[in-house]
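Structural features, examined
If you want the building blocks of each chain, they are given just below.
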Amino acid sequence: MVNVLIVEDQRMMRETMEYYIRQSENYCLAASVANASYAEACCAGSPIDLILMDICTEDNASGFAATEKIKARFPHIKVIIVTSLLDYDCIKTARKVGADSIWFKDASREELMAVVDRTVNGESVFPDRMPEVSVGETKSCDFTDAEVRVLRLLVEGMTYAQMASELGVSPDTVKTQVKSMLSKTGFQSKTKLAAVVTSKKLIVNGF
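Along each chain, the written sequence defines residue order, and numbers are assigned to residues from 1. This being a predicted model, a pLDDT of at least 70 is required before a residue's local features are given, and a value of 80 or more before pairs of side-chain atoms are given or counted; all residues contribute to the totals for chains, interfaces and linings. As a rule here, side-chain values come from all non-hydrogen atoms in the structure, and water together with hydrogens is ignored.

Right, let's talk about helix α1 (residues 11-23) for a bit. Only DSSP runs of H or I reaching four residues or more are called helices, and only runs of E reaching two or more are called strands; each is numbered from the N terminus. To estimate how far a helix should reach, multiply one less than its number of residues by 1.5 Å. Taking 1.5 Å per residue as the helical rise, α1 with its 13 residues ought to reach 18 Å, and the 18 Å between its terminal C-alpha atoms agrees with that figure. For every residue, the accessible area (1.4 Å probe, protein chains only) is compared with the maximum for its type, and the residue is labelled buried under 20%, exposed over 50%, or partly exposed between those bounds. Looking only at α1, the buried set comprises Met-13, Arg-14, Met-17, Glu-18, Tyr-20 and Ile-21. One face of α1 carries all of its buried residues, which in axial projection span an arc of 160°. Opposite the buried face of α1, by more than 90 degrees, sit the exposed residues Arg-11, Met-12 and Arg-22. The contact rule is simple, with two residues in contact once any of their heavy atoms fall within 4.5 Å. Taken together, the buried residues of α1 touch β1 (2-7), β2 (27-33), β3 (50-53), β4 (78-83) and α5 (109-120). Picture the helix axis, draw a direction to every C-beta atom, and the arc is the one those directions span.

For the rest of this paragraph, the subject is the pairing of β3. The side chains of a regular strand alternate, residue by residue, between the two faces of the sheet. Side-chain alternation along β3 places Leu-50 and Leu-52 on one buried face and Ile-51 and Met-53 on a second face that is also buried. One bridge is not enough; two strands pair if DSSP finds at least two bridges between them. Bridge analysis of β1 against β3 gives 4 bridges, and the strand direction is parallel. Each bridged residue has a counterpart across the sheet, and for Val-7 the counterpart in β3 is Met-53. Across 4 bridges, β3 lies against β4 in parallel orientation.

So, on to unusual backbone geometry. Even without glycine at this site, Asp-59 takes up a positive phi of about 60°. Here Asp-59 is to be found in the loop between β3 and α3 (63-73). Residue Asp-59 is classed as exposed on the basis of its relative accessible area, which comes to 66%. A positive phi angle is found at Asn-60, which is not glycine, with a value near 60°. Here Asn-60 is to be found in the loop between β3 and α3. Classification of Asn-60 as exposed rests on a relative accessible area of 55%.

This paragraph deals with the packing of α3 against helix α4 (residues 89-97). Across the interface, α3 lies against α4 with an axial gap of 9 Å and an inter-helix angle of 25°. Between α3 and α4, the crossing angle belongs to the class labelled roughly parallel. Handedness of the crossing formed by α3 with α4: right-handed. Together, Phe-64, Thr-67, Glu-68 and Lys-71 of α3 and Cys-90, Thr-93, Ala-94 and Val-97 of α4 make up the contact between the two elements. Gly falls in the polar group here, along with every residue not listed as nonpolar (Ala, Val, Leu, Ile, Met, Phe, Trp, Tyr, Cys, Pro) or charged (Asp, Glu, Lys, Arg). Residues belonging to the contact of α3 with α4 are distributed by class as follows: 4 nonpolar, 2 polar and 2 charged. Every angle, taken between N-to-C directions, lies between 0 and 180 degrees, and every axis is a line fitted to C-alpha atoms, over only the stretch in contact when it is a helix. Angle categories: roughly parallel below 35 degrees, roughly antiparallel above 145, roughly perpendicular from 65 to 115, and oblique for all the rest. Whether a crossing is left-handed or right-handed is set by the direction in which the near helix is turned from the far one by less than a right angle, anticlockwise for left-handed and clockwise for right-handed.

What follows deals with the environment of Val-197. Relative to the elements of secondary structure, Val-197 occurs in helix α9 (residues 190-199). Expressed as a C-alpha distance, the spacing of Val-197 and Val-148, which sit 49 residues apart in the sequence, is 11 Å. The residues contacting Val-197, other than those within four sequence positions of it, are Val-135, Leu-151, Val-155, Leu-202 and Ile-203.

Residue types Ala, Val, Leu, Ile, Met, Phe, Trp, Tyr and Cys, when buried and joined through side-chain atoms within 4.5 Å, form a set referred to as a nonpolar core. Membership of the largest hydrophobic core comes to 26 residues, with the highest contact counts inside it found for Leu-5, Val-7, Cys-43, Ile-51, Met-53, Ile-70 and Ile-81. Elements that contribute at least two residues to this core include exactly β1, α2 (39-45), β3, α3, β4 and α4. If one sorts the elements of this core by residue count, α4 sits on top with 4 residues. In this structure Met-53 touches Val-7, Ala-36, Ala-39, Gly-63, Ala-66, Thr-67, Ile-70, Val-79, Ile-80, Ile-81 and Val-82, once residues within four positions along its chain are discounted. Core analysis: the next-biggest nonpolar cluster, separate from the first, contains 23 residues, Val-135, Val-148, Leu-154 and Leu-202 among them.

In structure tokens, the structure reads:
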């Protein structure tokens, strides 16, 4: 029996994953917490074989940071990052901190559990593209890489000039990319755009 720890701060998603694990004959729910900073202590206090880890958890505790600590201390524990973030950089970061696999919150039960099975059996599962999530009148996959880079900085509250300096482009280029995203989504302001992607946890400050 594989003992599973779930780390997820969204109650509905946490309960959904708990249900998936309880319904499986091969897995046992060992613990379920909302804050990633508790994960290492859970691993030290009870036998854990697999962790389903969110990236941005309660009190802004980082699932990436928790994963790195756990893999250093308990290298035998498998970690699957389960996220809704749309930035492809999160896949690179997941690899860097030692996560065994990464998958998406909007996956079906069958799809997610297939990733769980493959990971437990020694395979690393990393998607070649980010999930399609509705953002206004468009899908997240319709944003270009350049637009996502701007969106990350927009969520941090940067001005056009600050974003341009950070990205090494002109303010007019940044304005054009923001205008393009507003046109795609149908939103009237960049504030609304930032608020929606933040509320859906598609992009979160610092992650």
